[in-house]
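Notes for the structure review
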Amino acid sequence: MSRVKASSGLSSVLGFLRRDVGSGLVFFVLGLVLRAVPEFLVSVYPVGYETITYYAPAIVAFSGRGLGEVFVEFFGAGPLFYVLMWLASAVSGADAFVLLKVVGPVLYGLLAVAFFVFLRRGLGFEWRLAFVGCLVLVFQPVALRESWDRFRTVLGLVFLFFGLTVLKSRLGFRFKWVLVGVFGVLAVLSREYVGFVLF
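**Some details on the pattern of salt bridges**
With the rule as written, the count across this model stands at four salt bridges. A salt bridge links R35 to E39, with the shortest nitrogen-to-oxygen separation between them at 2.8 Å. Remark: E39 and R35 occur in helix 2 (residues 20-41); sequence separation between them is four residues, near one turn of the helix. Residue class for R35 comes out buried when judged on its relative accessible area of 0%. In this structure, E50 engages R150 in a salt bridge whose closest nitrogen and oxygen atoms are separated by 3.3 Å. A residue pair is termed long-range when its members are at least 10 positions apart, and E50 in helix 3 (residues 49-61) and R150 in the loop between helix 8 (141-149) and helix 9 (151-167) qualify at 100 residues. For R150, a relative accessible area of 28% gives the class partly exposed. One network of salt bridges, in which partners are shared, links R35, E39 and K101.

Right, dumping it as C-alpha cells:
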C-alpha cells in the first residue's frame, strides 16, 4: 500500500515538474536558495565587490532624491537597476545592505526562470533537455560568481532571454516586434553591453 502511495506521489511531482510553470517555479526557488547561501554565510554585508563599492553607496545617496534625478545621474551606467533600487528603497525603507542581500538571490532566481523559458520556448528544447540545461546554469560556478556582484548584468540577461524567447514565438508580427523592442530597451537600460547581443 505504501509503495502505491509513494509511486503516486512521485508521479504527481514529476507531472508538476514537467509543466513549464512547475519547472519555472522550481528553478526560481533553486536559484534563489543557492544564491542566498553566501548571503547567509556573510551575515552583515552583501556578497560581491560591486555591491559594496557601487550599489550600496548609490542606494544610500538616493534619500531625498527624485526618480528623474536618479535616472539621469545613472543613465550611462544602466539606469534601470538603479531606478528599481530607488523604488524598492522608497517603498520598503530598508537599509541598502539588506536590500542588496535580498535582490541578489531574487535576480538569480529570475535568471534561472528566464533561461528555462528560453530553452523551452525560444529554442524549442524538450522538457528533459531544458531541465538539465537550466540545472547546468544554476549550479555553474561562473554564473553564481557573476551573480554575486553584477546585478545589472543579471537583470539585463533576464530581459535578453525573455526578448529572444518572444522573438521565436508565434505571436502576431506587430505585437511580437513591439515586445522584442520593449525587452531590448529594458536589457539596454539594465546593462548596455547585454543589449548588444539582442540587436
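**Focus: the packing of aromatic side chains**
The full count for this structure, using the stated rule, is 18 aromatic pairs. Ring geometry for Y49 and Y54: centres 6.4 Å apart, planes at 85 degrees, overall edge-to-face. Classification of Y49 by relative accessible area gives exposed; the value is 52%. In this structure Y54 comes out as partly exposed when scored by relative accessible area, which is 46%. Measuring from centroid to centroid gives 5.9 Å for F81 and F151, while their planes differ by 70 degrees, and the two rings are edge-to-face. Residue F81 is located in helix 5 (residues 79-92), and its partner F151 is located in helix 9; the two are separated by 70 residues in the primary sequence. One exposure class covers both F81 and F151, and it is buried.

**Some points on the environment of V26**
If you trace the backbone, V26 turns up in helix 2. A relative accessible area of 30% places V26 in the partly exposed class. Put simply, V26 and A112 are 86 residues apart on the chain and 9.4 Å apart in space, counted from C-alpha to C-alpha.

Conventions and cut-offs
- Residues numbered from 1 in each chain as written.
- Predicted model: local features only at pLDDT ≥ 70, side-chain atom pairs only at ≥ 80, totals over all residues.
- Heavy atoms only, no water.
- Salt bridge = Lys/Arg side-chain N within 4 Å of Asp/Glu carboxyl O.
- Helix = DSSP H or I, 4+ residues; strand = E, 2+ residues; numbered from the N terminus.
- Buried < 20%, exposed > 50% of the residue type's maximum accessible area, 1.4 Å probe, protein only.
- Phe/Tyr/Trp six-rings, centres within 6.5 Å; stacked < 30°, edge-to-face > 60°.

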